[in-house]
Amino acid sequence: MIKVLGLALYGPKAASHRYRLSQYKQGLLDSNIDLEIHHLLDNQYLERKFEGKTVSKLNVLWSVISRLKLILSKNNYDVTILHCELIPFIPGWAEKLLIPKPYIFDFDDAWHLRYKLERSNLFKFFLENKVDRVVEGASLVMAGNSYLLDYASSLNRKTAIFPTVLDTDRYQSTSNYNSDKLIIGWIGSPSTAPYLKTLIPSLSQLGLEGSVLLRVIGGKAPNIPNIEVEEIPWSEETEVHYINSFDIGVMPLEDDEWSKGKCAFKLLQYMACELPVIASNVGANIDVVGPDCGYLVDNDLAWIDAMRSLRDNPEKRSFFGKNGRKKVVQSYSLKSNLSILIKAIKNISIKT
């Protein structure tokens, strides 16, 4: 049995914990690989952060101490998978030294920009190249998209794309939701909800032309004139049900370096449920959305044109949805990624 230590930054409520680590646990075990996952910051930390409440510094300190105790313990692991960061605000040389070897560095956001974008010059001086150092020391770097791959491969030739994928047996179309309104849907978290402001002009205009509902799962919606807005708390148990209530799934982004690191996971959730999609023409969205499953857009006029096209053509919505589902099953399913991860772990464990 190969023993793997998975070091998640956040607890199970975070999508990164579930989709970059824990969903692989059973499949790995079936191949004699035991993945033991430990997170640094728990669900309570995320909940308080999303609610705008003060985070207990004492709890954070205790979390750091617990992680240090874990990685300095005598437990013998054959491979470590580190997602994004071991301990925030420590220099790269120290983090690289502390990570149990050999290790895979896994990231699905532009984490290398985190400290480079810090306003504090002191943090920049000590930390701006932190992720670079960690990437350089990895036995393998798993990058969530081609933008992240380009960055990491310039520092470590042992880099491969490892997209964020989903269980297509769980995400399926139920086609049992009817409404007399056009329902445009979005799923995410409070940290990504501000991107919805991009949709205000197009949705407001669309609302003047007919009845429109924007259904937002897991975040705060902006005020949008002329349409109805509904906010639904995220729940793992209900997310697939509510995604299936959408007529169209959307993923707006800003055209900046941080957004280019996003892995288009919202689009995969929509497409797996046979929804047509509209997305900003940025980053991994470009890799995921083809002309047979949705629209990539660059401005307000393109957003409204794409929404009108799908509103007025149910047959096109169905055509895009079925093609999108096929694409996810072929290229972005848990089954397709599992074999890649198994092979990577076994190769690294053999070499050491």
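The structure displayed is predicted, hence computed values, not measured ones. (Residues numbered from 1 in each chain as written. Predicted model: local features only at pLDDT ≥ 70, side-chain atom pairs only at ≥ 80, totals over all residues. Heavy atoms only, no water.)

What is the right way to look at the pattern of salt bridges in this model?
When charged atoms on two side chains of opposite charge get close, those side chains can pair. All told, the structure shown has 19 salt bridges when counted by the stated rule. E228 serves as the salt-bridge partner of K181, at 2.4 Å between the closest nitrogen and oxygen. Residue K181 is found in the loop between β6 (159–161) and β7 (182–187), and its partner E228 is found in strand β9 (residues 228–232); the two are separated by 47 residues along the sequence. For K181, a relative accessible area of 26% gives the class partly exposed. For E228, a relative accessible area of 37% puts it in the partly exposed group. D305 is the salt-bridge partner of R308, the closest N and O atoms lying 3.7 Å from each other. Of the two residues, R308 and D305 both sit in helix α14 (residues 300–311), three residues apart, roughly one turn of that helix. What emerges from the salt-bridge pattern is a single network uniting E209, D305, R308, R311 and D312. (Salt bridge = Lys/Arg side-chain N within 4 Å of Asp/Glu carboxyl O. Helix = DSSP H or I, 4+ residues; strand = E, 2+ residues; numbered from the N terminus. Buried < 20%, exposed > 50% of the residue type's maximum accessible area, 1.4 Å probe, protein only.)

Would you explain the sheet that holds strand β2 (residues 33–41) in this entry?
Hydrogen bonds along the backbone pair up the strands of a sheet, which may run parallel or antiparallel. Here we have six strands laid out as an open sheet, ordered β2-β1-β3-β4-β5-β6, and parallel in their pairing. Taken across any chain shown, the strands that pair with only one partner, and hence form the sheet edges, are β2 and β6. Strand-to-strand twist across the sheet, computed as the mean angle between neighbouring axes with direction ignored, equals 20°. Pairing between strand β4 (residues 103–107) and strand β5 (residues 140–143): four bridges, direction parallel. (Pairing = 2+ DSSP bridges. Axes fitted to C-alpha atoms, helices over the stretch in contact; angles between N-to-C directions.)

That is the geometry; function is a separate question.
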